[in-house]
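Chains, contacts and geometry: an overview
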Amino acid sequence: MIQLEAKAYGPDSTPAEIQAIQARLTLLRPGVVMYREVPVPSPFQIGVFAEVLPRLTAGLDSYALIMDLSQAKPPGGPVREALRGLFGAQTRLGPVAVFTGGNFIINSVAKLLLKSCGVRNLTMCKDEAEALAVVTRA
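Conventions adopted
- Residues numbered from 1 in each chain as written.
- Predicted model: local features only at pLDDT ≥ 70, side-chain atom pairs only at ≥ 80, totals over all residues.
- Heavy atoms only, no water.
- Helix = DSSP H or I, 4+ residues; strand = E, 2+ residues; numbered from the N terminus.
- Contact = heavy atoms within 4.5 Å.
- Core = buried A, V, L, I, M, F, W, Y, C linked by side-chain atoms within 4.5 Å.
- Buried < 20%, exposed > 50% of the residue type's maximum accessible area, 1.4 Å probe, protein only.
- Salt bridge = Lys/Arg side-chain N within 4 Å of Asp/Glu carboxyl O.
- Pairing = 2+ DSSP bridges.
- Axes fitted to C-alpha atoms, helices over the stretch in contact; angles between N-to-C directions.
- Right-handed = clockwise from strand over helix to strand, strands pointing away.

1. Details of the environment of A82
- With respect to the secondary-structure elements, A82 resides in helix α3 (residues 77-88).
- What A82 contacts, discounting residues up to four positions off in sequence, is P43 and I46.

2. Some details on the nonpolar core
- Core analysis: the biggest nonpolar cluster contains 31 residues, and Y35, L65, M67, F87, V96, V98 and L114 have the highest contact counts within it.
- Of all the elements in the fold, those that place two or more residues in this core are α1 (15-22), β2 (32-36), α2 (43-57), β3 (63-68), α3, β4 (93-99) and α4 (104-116).
- The element contributing the most residues to this core is α2, with five residues.
- With residues up to four places along the chain from it excluded, the contact list for V98 reads M67, L69, A110, L114, L122, T123, M124 and C125.

3. Details of the pattern of salt bridges
- This structure, assessed with the given rule, holds four salt bridges.
- Among the ionic pairs, D68 bridges to R36, the shortest N-O distance being 2.9 Å. A residue pair is termed long-range when its members are at least 10 positions apart, and D68 in strand β3 and R36 in strand β2 qualify at 32 residues.
- With a relative accessible area of 26%, R36 lands in the partly exposed category.

4. Some details on the sheet that holds β3
- Pairing in this open sheet of five strands is mixed, and the strands run β1-β2-β3-β4-β5 from one edge to the other. Looking at strand neighbours, the two that pair on one side only are β1 (25-29) and β5 (122-125), the edges of this open sheet. The average angle at which neighbouring strand axes cross in this sheet is 25 degrees, direction not considered.
- Relative to β2, β1 runs antiparallel, the two being bridged by four bridges. By the bridge assignment, R29 is partnered in β2 with V32.
- Here α4 sits on the sheet and contacts β3, β4 and β5; the angle it forms with β5, its principal contact strand, is near 170 degrees.

5. Observations regarding the pairing of β2
- Judged by how many residues are buried, β2 sits mostly within the fold: four of five residues are covered.
- Connecting β1 to the next strand, β2, in antiparallel fashion are two residues, including G31 with a positive phi near 80 degrees.
- Where β2 and β3 come together, five bridges link them in parallel fashion. Each residue of the ladder has a partner; that of R36, found in β3, is D68.
- For the crossover that starts at β2, traverses α2 and ends in the parallel β3, the hand is right-handed.

Dropping the structure here:
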């Protein structure tokens, strides 16, 4: 698997790059999805996630989401719009735990964006271990 560069990926991405993007959205354990944002989010990448997420959560009544935004840059307008579409369509989404590595700007943007998408059970965490603990006890 290739390492993703710090660039916005688009429709001209290679099959290997698309596979690397897809691999950043995984079923961590039954009912818990891990969302690892790419370094530079793009509407194309969010679209790839929108294709993968239903496959990962098929058959689940609900699921929790852990979002790793520790390597992500703040999203621009088109990416925020794509994220609203992605999360607005998630009717089975339960608790969401986000960790950013302490990045104040990403923390603020994530809270505002996810709340505007209808996420009601949102917890900002210091790291992945705390995020996993939050979603498994919810």
